[in-house]
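Next come the chains, spelled out residue by residue.
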Amino acid sequence: MKTRAKSAKATATAMKPKVALTKKKSRKKPSASSSAKDDHRDKPKKPPTAFFYYLEDFRKTYQQENPNVKSMRDIGKACGEKWKTMSFEEKVAYYDIATEKRAEFEKAMAAYIKRKESGETCEESDDYE
């Protein structure tokens, strides 16, 4: 025999919305140890491409011509459209700058690798004494 309390409890639980119990994925990247960060502190940074050297120049002129446009998104879109329509001869100046910077980066990287292999990078033995 059913009592009112039992039937009320059964209908109350049946009316509750079911919530899916899914586990949220963590998007945290594993943190590198402090010694790994120290090793990369002296590592040379890759140089920008020719497009980014063009973007620097374009941004200055575009902002002078359009002072009301503050959004980097709009400036980037306008720059990308202009870059696509430019001839190779117009782009050569920026490719030359990028090539020079790339050569400097490769020299610095070779020196960094040589220092790293010889064990000269950021070894601070004074802290342990």
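Up top you'll find the structure we're talking about.
Residues numbered from 1 in each chain as written. Predicted model: local features only at pLDDT ≥ 70, side-chain atom pairs only at ≥ 80, totals over all residues. Heavy atoms only, no water.

**Student:** Give a description of the nonpolar core that names residues and reports values.
**Tutor:** Grouped burial of nonpolar side chains is what soluble globular proteins tend to show. Of all hydrophobic cores here, the largest spans 14 residues; its most connected members are Tyr54, Phe58, Tyr62, Trp83 and Tyr94. Examining the composition of this core, we find that 6 residues originate from one element, helix H3 (residues 50-65), more than from any other. Residue contacts for Trp83: discarding those within four places in its chain leaves Ala50, Phe51, Tyr54, Lys91, Tyr94 and Tyr95. (Core = buried A, V, L, I, M, F, W, Y, C linked by side-chain atoms within 4.5 Å. Buried < 20%, exposed > 50% of the residue type's maximum accessible area, 1.4 Å probe, protein only. Helix = DSSP H or I, 4+ residues; strand = E, 2+ residues; numbered from the N terminus. Contact = heavy atoms within 4.5 Å.)

**Student:** Which residues make up the side chain of Lys91, and what are the values?
**Tutor:** Within the secondary structure layout, Lys91 lies in helix H5 (residues 88-118). Buried within the structure, Lys91 lacks any salt-bridge partner; Glu90 is the closest side chain of opposite charge, at an N-O distance of 7.9 Å. Of note is the side chain of Lys91, whose polar atom sits 3.2 Å from the backbone oxygen of Trp83. (Lys, Arg positive; Asp, Glu negative; His and termini not counted. Salt bridge = Lys/Arg side-chain N within 4 Å of Asp/Glu carboxyl O. Polar contact = N/O pair within 3.5 Å; in protein donor to acceptor, adjacent residues only side chain to side chain.)

**Student:** Describe the pattern of salt bridges, with residues and values.
**Tutor:** Under the defined criterion, the tally for this structure stands at 1 salt bridge. Measuring nitrogen to oxygen at the nearest pair gives 3.6 Å for the salt bridge that ties Glu106 to Arg102. Here Arg102 and Glu106 lie together in helix H5, a separation of 4 residues that amounts to about one turn. Judged by its relative accessible area of 46%, Glu106 falls in the partly exposed class. Residue Arg102 is classed as partly exposed on the basis of its relative accessible area of 37%.

**Student:** Residues and numbers for the environment of Ile113, please.
**Tutor:** Structurally, Ile113 can be placed in helix H5. Residue Ile113 is classed as partly exposed on the basis of its relative accessible area of 39%. Distance in space between the C-alpha atoms of Ile113 and Lys43 is 8.7 Å, their sequence separation being 70 residues.

**Student:** Help me get a handle on helix H4 (residues 72-85), residues and values and all.
**Tutor:** An α-helix turns once per 3.6 residues; consequently, residues spaced three or four apart project the same way. The terminal C-alpha atoms of H4 lie 20 Å apart, and with 14 residues this matches the ideal 20 Å at 1.5 Å per residue to within 8%. Three or more residues of H4 are buried, namely Ile75, Ala78, Cys79, Gly80 and Trp83. Buried residues belonging to H4 abut H3 and H5. Between the side-chain oxygen at the start of H4 and the backbone nitrogen of Arg73 there is a gap of 3.2 Å, and the oxygen is on Ser71. (Expected span 1.5 Å × (residues − 1).)

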